[in-house]
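# Coordinates in review
Chain by chain, the residues:
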Amino acid sequence: MVAMSKIATGNGHGENSPYFDGWKAYETNPFHPTERPEGVIQMGLAENQLCFNLIKNWLIKHPEASLCTPQGVNKFKETALFQDYHGMPEFRQAVAKFMGKVRGDRVKFDPDRIVMSGGATGAHEMVAFCLADPGEAFLVPTPYYPGFDRDLKWRTGVELVPVNCESYNNFKITRNALEAAYVKAQEANLRVKGLLITNPSNPLGTILDRDTLKSMVRFINDKNIHLIGDEIYAATVFMEPEFVSISEIIEEEDVECNRDLIHIVYSLSKDMGFPGFRVGIVYSYNDSVVSCARKMSSFGLVSSQTQHLIASMLSDGEFVDNFITENKELLFKRHKYFTWSLSQVGIGCLKGNSGLFIWMDLRKLLKEKTFAAEMELWRVIINEVKLNVSPGSSFHCEEPGWFRVCFANMDDHTMKVALLRIRTFVLKNNEAMVPLKLCRPSSLKLSLSRSLSRRMEAPGIMSPHSPLPQSPLVRART
Amino acid sequence: MAIEIEKPSSVRLSKVAISKTHGEDSPYFAGWKAYDENPYDEIHNQSGVIQMGLAENQVSFDLLEKYLEEHHEVSSWGKGAPGFRENALFQDYHGLKSFRQAMANFMEQIRGGKAKFDPDRIVLTAGATAANELLTFILADPGDALLVPTPYYPGFDRDLRWRTGVKIVPIHCNSSNNFQITPEALEAAYQSAESMDLKVRGVLITNPSNPLGSTIQSSVLNDILDFAVHKNIHLVSDEIYSGSTFSPSEFVSIAEILRNRNYKDAERVHIVYSLSKDLGLPGFRVGTIYSYNDDVVTTARRMSSFTLISSQTQHLLACMLSNHEFTQNYIKTNRERLNKRYDMIIQGLKKAGIECLKGNAGLFCWMNLSPLLNEPTRQGELELWNIILNQVKLNISPGSSCHCSEPGWFRVCFANMSEQTLRVALQRIHKFMEQRKVCSVNQ
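Only a predicted model underlies this, so the values are computations on that prediction, with no experimental measurement involved.

The rules behind these values
Residues numbered from 1 in each chain as written. Chains lettered and ligands numbered in written order. Predicted model: local features only at pLDDT ≥ 70, side-chain atom pairs only at ≥ 80, totals over all residues. Heavy atoms only, no water. Helix = DSSP H or I, 4+ residues; strand = E, 2+ residues; numbered from the N terminus. Buried < 20%, exposed > 50% of the residue type's maximum accessible area, 1.4 Å probe, protein only. Contact = heavy atoms within 4.5 Å. pLDDT = per-residue confidence, 0-100. Buried area = accessible area lost by both parts, 1.4 Å probe. Salt bridge = Lys/Arg side-chain N within 4 Å of Asp/Glu carboxyl O. Polar contact = N/O pair within 3.5 Å; in protein donor to acceptor, adjacent residues only side chain to side chain. Nonpolar A, V, L, I, M, F, W, Y, C, P; charged D, E, K, R; others polar. 1 Å grid on protein atoms, 1.4 Å probe; cavity = no way out; pocket = protein on both sides within 12 Å on 5 of 7 lines; lining within 4 Å. Points joined across faces, edges and corners; volume = space filled by probe spheres on them. Domains from an automatic or database assignment. Expected span 1.5 Å × (residues − 1). Right-handed = clockwise from strand over helix to strand, strands pointing away. Pairing = 2+ DSSP bridges. Phe/Tyr/Trp six-rings, centres within 6.5 Å; stacked < 30°, edge-to-face > 60°. Lys NZ or Arg CZ within 6 Å of the ring centre and 35° of its normal.

## So, the overall build of chain A
Each helix and strand in chain A was counted, giving 16 helices and 13 strands. Taken across its 478 residues, chain A has 63% of its residues classed as buried. Taking the contacts inside chain A whose residues are at least 6 apart along the sequence as the reference set, 75% of them involve residues at least 24 apart.

## Comments concerning the confidence of the model for chain A
As a note on interpretation, predicted positions should not be read in detail where pLDDT is low. Residue-level pLDDT values for chain A average 90, and 90% of them are 70 or greater. Note that residues 433-478 of chain A has pLDDT below 50 and, in this model, 79 contacts with residues that lie over four places away or in other chains.

## Some thoughts on the interface of chain B and chain A
In this assembly, 86 residues from chain B lie in contact with 93 residues from chain A. In this assembly, chain B packs against chain A so that about 8000 Å² is buried in total across both faces, 61% of it on carbon and sulfur atoms. Counting the surface chain B buries against chain A, the share from its top three residues, B:Gln91, B:Arg163 and B:Phe306, is 10%. At the boundary of chain B and chain A, one finds five salt bridges. Seen at the junction of chain B and chain A, the total is 24 residue pairs in polar contact (both at pLDDT 80 or more). The dominant element in the side of chain B that touches chain A, judged by the number of residues it contributes, is helix H7 (residues 127-139) of chain B, at seven residues. Residue composition of the side of chain B that touches chain A, grouped by class: 39 nonpolar, 25 polar and 22 charged.

## What to know about empty space enclosed by the protein
Applying the stated rule across the entire model yields eleven cavities of 30 Å³ or more. Looking at the largest cavity, it is lined by 28 residues, and the ones nearest its centre are A:Thr121, A:Tyr145, A:Arg150, A:Lys270 and B:Gln91. Of all the secondary structure elements, the ones that give two or more residues to the lining of the largest cavity are helix H2 (18-28), helix H6 (119-131) and helix H7 (147-153) of chain A. At four residues, the largest contribution of residues to the lining of the largest cavity is made by H6(A). For the lining of the largest cavity, the per-class residue count stands at 13 nonpolar, nine polar and six charged. Looking at which domains feed residues into the lining of the largest cavity, each of domain 1 (18-51 + 321-427) and domain 2 (66-316) of chain A gives three or more. Forming the walls of the second largest cavity are 15 residues, and the residues nearest its centre are A:Glu125, A:Phe299, A:Gly300, B:Arg163 and B:Phe306. At the level of secondary structure, the elements contributing two or more residues to the lining of the second largest cavity comprise strand S2 (114-118) and H6 of chain A together with H7 of chain B. Class assignment of the residues belonging to the lining of the second largest cavity gives a composition of six nonpolar, five polar and four charged.

## Concerning helix H14 (residues 371-385) of chain A
Residues and elements named next belong to chain A. Taking 1.5 Å of rise per residue, the 15 residues of H14 would be expected to cover 21 Å, and the 20 Å separating its terminal C-alpha atoms lies within 8% of that figure. With eleven of 15 residues buried, H14 lies mostly within the body of the structure. Where H14 ends, the next residue or the one after it, Lys386, has phi of about 60 degrees, a positive value.

## Quick notes on the pairing of strand S6 (residues 234-238) of chain B
Residue and element names in this part refer to chain B. Across the five residues that make up S6, a large majority, five, are buried. Neither face of S6 is exposed, since His234, Val236 and Asp238 on one face and Leu235 and Ser237 on the opposite face are all buried. Handedness of the crossover is the feature at issue here: the chain leaves strand S5 (residues 200-206), passes through helix H10 (residues 218-231), returns alongside S6, and the resulting connection is right-handed. Taken together, the four bridges between S6 and strand S7 (residues 269-274) define a ladder with parallel strand orientation. The partner of Val236 across the bridge, within S7, is His270.

## Quick word on the packing of aromatic side chains
Counted under the stated rule, the structure contains 37 aromatic pairs over all chains. A ring pair is formed by A:Phe277 and B:Phe84, whose centres lie 5.9 Å apart and whose planes are at 70 degrees; its orientation type is edge-to-face. One end of the pair, A:Phe277, is in the loop between strand S7 (262-267) and strand S8 (279-284); the other, B:Phe84, is in helix H5 (residues 84-89), on a second chain. Considered together, A:Phe277 and B:Phe84 belong to a single accessibility category, that of buried residues. A cation over a ring is seen here: A:Lys223 above A:Tyr182, with NZ or CZ 4.8 Å from the ring centre. A cation sits over an aromatic face here: B:Lys231 above B:Tyr190, 4.3 Å from the ring centre.

Below, the structure is given as C-alpha cells:
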C-alpha cells in the first residue's frame with residue numbers, strides 16, 4: 001500500500017469531535033415540516049437565513065450583478081479572465097465600505113489592505129501560516145469555535161493553548177487568564193506568536209467590552225505577539241451594548257499599540273448568509289503580512305464571478321444600510337422569542353446580544369458535574385428530544401453543562417416546533433428529577449426509556465469516532 | 001491621534017512568510033512587470049509590450065457568451081431568484097452533485113469516452129493551484145520529495161513547496177529526444193533524491209505538458225506508472241490542458257492507461273484538472289482532484305474546506321457543462337481554433353527562421369532560440385530574454401524559469417490575444433531576426 005503523509009493520516013481534520021457527531025443523527029433523519037415532522041431539527045449550524053428576502057429583491061432589481069443575465073453578460077469575459085490575486089478593486093472597495101458601515105462608520109478600512117481567502121476557514125489557516133512556524137502557538141480563549149482546531153493547526157503544525165474563561169464572571173477574558181495561559185505555553189516549551197479572539201464570540205453570543213479589548217491590546221504589546229480578531233459576526237450585534245471592533249480600539253487616544261501586530265479575519269458567511277460563496281477576508285495593519293497573505297491567497301481566491309456580484313451588491317449604500325438594520329431587527333426578534341420561551345421553562349442562557357446562537361445553561365439538568373454527564377444529556381437531546389445542539393465540551397468549555405443552540409437557520413414554524421420539544425422535555429424531566437440532597441445515586445439518572453438506553457450502548461451510534469459518510473457541512477433543510 | 005510606540009525589532013513572521021519560495025522573484029514574473037508598465041493595446045498603445053507569457057485561452061469566449069445568452073434563465077437563479085438562497089447556503093465540501101456529475105461527463109468527453117469518471121471521486125478546489133498544493137500535503141511530509149520532469153510550469157515551485165515544505169527533484173529531459181521522459185531519467189532523479197537523503201513520495205507529470213505543448217506518449221505513460229509501482233510511490237497527472245489537444249486522438253490520459261490495466265495499481269494515481277485553460281475561466285477558480293484512492297479522496301475532501309469553489313460558480317458551470325450539445329460543440333470548436341492558432345504561429349516563426357518543438361496541445365509553443373545565444377548558458381539566455389522583452393517588446397518566458405536544463409528555449413503563448421495582435425507579434429519577431437541577420441553579416 002502506498003502511504004499518505006502524516007498530516008493526511010492524523011486526526012487534525014477534527015471530524016471526530018462530537019461537534020460533528022450530532023450532524024449524523026440529523027442527516028439520517030432531518031426534520032421537514034410536512035414530510036418528516038418527527039425528524040431531528042438542526043440547531044448546530046450557525047447560519048443566517050433571516051435576510052434572504054431582502055437580498056432576493058435586490059437581485060431581481062439588479063440583473064447586471066449576475067454575469068449570466070442579458071444585462072450582465074457583457075462583463076463575462078473580462079471577469080472570467082480576472083485571476084489577479086489582488087482581487088477586483090471594486091470588490092475590495094465594496095467590502096471595505098461594508099466593513100466600515102457595519103462598525104457604524106466609526107472606522108475606515110483601506111481597500112488595499114484587503115486580502116481574499118477561501119472563506120474565514122481559509123483566512124485563519126493563511127494567517128497562521130504567515131505568523132507562526134510549526135510547533136509555535138496561539139492563545140485562544142475558551143469556549144471557542146471547534147473549527148479552529150482544524151483551521152489553525154492541521155496543516156500548519158501550529159498549536160493552540162486555551163485561555164480559560166469561566167461562567168462565574170460570564171466567561172470574561174481576564175488579564176490573569178491571559179498571563180496564566182502564556183506561562184502554561186512557556187512551560188510546555190511552546191513559543192507564543194499570537195492571541196486569537198472571536199468578537200462577537202462564538203459560541204457565547206456576546207461582545208467584548210472596551211476595557212477587555214484594551215487590556216488585550218496591552219497584553220499583546222507587552223509580550224510582542226500578534227492579535228488576530230475574528231470579527232465574522234460583526235453585523236449580528238442586534239442589541240446594546242454596541243459592538244466595538246479591534247479596529248476602533250487601536251485608534252483610541254489612550255491606547256499604545258504596534259499596529260504591525262493587528263490583523264482582522266472576516267467573511268460574508270454569517271453577516272450576509274453566504275457561506276456557499278466562500279468570501280473570506282484577511283485585513284492586516286502589517287504591510288509584510290498583507291504582502292505575504294496576498295501571495296498565499298492564490299490557494300484560495302474568491303471566484304471572480306462572486307467578486308463581481310458582491311461588488312455590485314455592497315457598493316449599493318442604500319441596500320447595505322437597509323440590510324444592516326433589517327438583519328439586526330430580525331435577529332433581535334428571533335433571539336428575544338427564543339430566550340423568552342426557554343426562560344418560561346426555567347432554562348437560562350448567557351446574556352447575549354449577538355451571533356446566531358444562544359449559549360444555553362443546562363447545568364442543573366446534569367446528573368453530575370462532569371463532561372461524561374454532559375455527553376449523556378446531549379445524546380438524550382439528540383435522540384429523544386431530536387434537536388442537534390452543540391455540547392460545550394466540543395468548544396473546549398471548561399465547565400460542563402453548556403450548549404450552543406443556533407436559532408437563525410430556520411423559519412418561524414420550525415423554531416416553534418423546536419421550542420415546544422424543549423419545553424416538553426424539560427417539563428417531563430422536572431417530574432423525574434429529585435432534589436440532589438435527597439437522592440440515591442440511581443435516581444439521579446434522567447428518565448430514560450429502556451429502548452433508549454439500549455440504543456445508547458449500541459456501537460456505531462454513540463462512538464464519536466464513527467466516520468461520517470457525508471460532510472458535516474450539509475446545507476440546512478428547514 | 002493614537003499613540004504609536006516605536007516599533008521594536010518587529011515581531012518576526014513565520015519562516016514560510018519570510019522565505020522566497022513563493023517564487024515571485026523568478027524572471028517568469030519579472031516580465032509581467034514590464035508588460036504591466038507598458039501593455040500593448042491594438043488601438044491605444046501599439047508600441048507596448050505584447051503579453052506572450054500568460055497561458056490563457058481567449059479563443060472560444062464567444063461560445064460561452066452565446067450559451068449564456070441562450071440559457072440565462074437557467075444559469076442565473078431564474079426569475080425571482082428562487083434558487084438563490086439554497087445556492088448561497090450550500091457549503092458542503094462534497095460539492096454540488098450536479099456539478100460533479102457535469103465535470104465527470106466533461107472529462108469523459110474530452111477523452112473521447114476512453115475513460116470513465118465517477119463523480120464521487122471528484123474533489124473540488126479553488127483552482128489547480130490549490131489542487132496541486134493540497135495533494136502535496138496529502139502525499140508527502142515536509143522534507144520529502146516529489147520528482148517532476150523538466151522543463152515544468154514555474155508555479156510548481158510555489159504550489160508544491162512553499163507551505164508544504166516538500167522538495168522538488170527534477171527529472172531531467174532534453175531536446176535529444178524531444179524532451180521525452182525516459183526510464184533512465186526517472187531512475188537518475190530517484191537516485192539523486194536518495195543521495196540527498198530525501199524520501200521520494202511521488203512523481204508529478206503534466207500531460208499535455210506545460211511548457212512543451214506536447215502530449216506524453218502511451219508507452220512513456222506506461223513506463224512512468226511502472227516506475228511508480230516499482231518504487232511504491234504516487235503518481236500525480238496534471239491534465240489541465242487535456243481539452244486543449246488539437247487532435248482528440250493524440251491525447252492519452254493516465255485514466256486510459258489504468259483502464260487498460262484493469263485499474264491494477266490505481267490507488268497510487270491522482271489526476272488534477274481545472275477549467276482555467278480548456279474553458280478559459282481562470283477567474284472562477286475551478287480546480288478538481290480525481291483520485292482512485294479512497295483515503296486520498298476522503299482526506300482531500302476534508303482539506304478542500306480551505307479552498308472550496310464558490311457555490312455560485314458551481315451552479316453556473318453545472319448548468320453549462322450538463323448541456324451535452326454545448327460541451328460537444330465547445331470541445332470540438334476550441335480544438336480547431338487552437339490548432340489554427342498554433343499553425344499560424346509556427347508558420348510565422350518558421351518564416352523568421354525559428355524552429356519550435358513539434359507540439360500538439362496547449363496554449364503555447366516551445367521555441368528554440370539557442371542558435372541566437374551569445375553563450376550557451378543560463379546567463380546567455382537571460383541576456384537574450386532581456387533583449388526580446390525590452391527591444392522587441394514581447395513578454396515570453398525563458399526556459400530557465402521552467403528549470404529547463406538546456407539554455408535557449410522559450411515558451412510563447414498564442415491563445416491569449418486576438419489574431420491581429422498575434423500577427424503584430426510575429427511581425428516584430430520577423431523584424432528582429434532580420435536585423436540580427438544583417439548584424440551578423442556585417443560582423
